[in-house]
Amino acid sequence: MKNFTTTTLILLVLSVLSKVDSFVPRAPPSPVFGVSDIPSTRLCSTTHNQPTSHEEKEISSSATSSGSNGSTSVVPRIQNLKSLEEFLNYIDSAPQDSLAVVKFYAKSCPLCKKIELKYKKMARFYQTAPIQFAEIEKTVHPDLFVTLGVETYPFIQIYRNGQCVAAHGTESDKMFEPIVNDTIQRELTMTAEDWNTFLTTFEIPIRASTEKLNSLRVRQTSPV
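Residues numbered from 1 in each chain as written. Predicted model: local features only at pLDDT ≥ 70, side-chain atom pairs only at ≥ 80, totals over all residues. Heavy atoms only, no water.

Asks: Talk me through the overall build of the protein chain; I want residue IDs and the actual numbers.
Replies: Helices and strands together make up the secondary structure of the protein chain, namely 10 helices and seven strands. With 224 residues in all, the protein chain has 38% of them scored as buried. Considering only contacts within the protein chain whose residues lie at least 6 apart along the sequence, 76% involve residues at least 24 apart. Here the protein chain has roughly 13,000 Å² of accessible surface; of this, 56% comes from carbon and sulfur atoms. (Helix = DSSP H or I, 4+ residues; strand = E, 2+ residues; numbered from the N terminus. Buried < 20%, exposed > 50% of the residue type's maximum accessible area, 1.4 Å probe, protein only. Contact = heavy atoms within 4.5 Å. Areas by Shrake-Rupley, 256 points an atom, 1.4 Å probe, with all protein chains shown as cover.)

Asks: Could you give an account of the packing of aromatic side chains, with specific residues and numbers?
Replies: Taken as a whole and judged by the stated rule, the model has 11 aromatic pairs. Look at Phe125 and Tyr126: their rings are 4.9 Å apart centre to centre, the planes differ by 90 degrees, and that puts the pair in the edge-to-face class. Classification of Tyr126 by relative accessible area gives buried; the value is 6%. An aromatic cluster is present here, built from Phe87, Phe104, Phe145, Tyr153, Phe155 and Tyr159 joined pairwise through their rings. The ring of Tyr105 carries Lys103 above its face, with NZ or CZ at 5.0 Å from the centroid. In this structure, Arg160 is placed above the aromatic ring of Trp195, and the distance from its NZ or CZ to the ring centre is 4.1 Å. (Phe/Tyr/Trp six-rings, centres within 6.5 Å; stacked < 30°, edge-to-face > 60°. Lys NZ or Arg CZ within 6 Å of the ring centre and 35° of its normal.)

Asks: Which residues make up the pattern of salt bridges, and what values go with them?
Replies: Two side chains that carry opposite charge are able to pair once their charged atoms sit near each other. Taken as a whole and judged by the stated rule, the model has nine salt bridges. For Arg217, the salt bridge goes to Asp92, with nearest N and O atoms at 2.6 Å. Taken together, the residues span a long stretch of sequence, with Arg217 in helix H10 (residues 203-221) and Asp92 in helix H4 (residues 84-92) at a distance of 125 residues. When its relative accessible area of 44% is taken as the criterion, Asp92 is described as partly exposed. Asp182 is the partner of Arg186 in a salt bridge, and the nearest nitrogen-oxygen pair spans 3.0 Å. In this pair, Arg186 and Asp182 both sit in helix H8 (residues 173-188), four residues apart, roughly one turn of the helix. Connected through salt bridges with shared partners, the residues Lys113, Glu116 and Lys120 form a single ionic network. (Salt bridge = Lys/Arg side-chain N within 4 Å of Asp/Glu carboxyl O.)

Read these as layout, nothing more, since geometry by itself doesn't imply function.
Encoded structure:
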């Protein structure tokens, strides 16, 4: 009876673990194009993922960091894009074959505040890589968000040579780093042959994204 009870208990534990594992959130395959299907109301709930007071202090003091010798180094600047012109210039002026990451966010979104420090740390981690980081707030240019189809926050787009090569949202602050970091690492290590295959495979969504950018460029140059 004792052996039977022990065996039954082990089987029950394994069964429960397998069910729990099936509910563990997985990062979506990279790249993911278009707007995330996660409802914005779920992302931007007024009580969802509020930053702790400790994290608030880290965010406010993260502009500088001290080395072991007491010297202070400036954390790589995340460009704060304040207009459509700055957004387009950021994408178009990025070095050839480098990555340009853009974080779309809204001041009213608690989750955006929650991942602010994570985004800064990510920029610092990749400071020697061929990649740059920027962010733009919704009220700066609402029409930009509408044109690009950004409906959930925070939302990430990654550009390379003027083309959007990845775009997705995240469900929680815990999933932000795994999802975005996974995409960045994959794209930083892709060879020229990999990119040729990639651009061919995702030709349609890339072309659609480019058309949206071109419509923004036309609006920028058109007289008011």
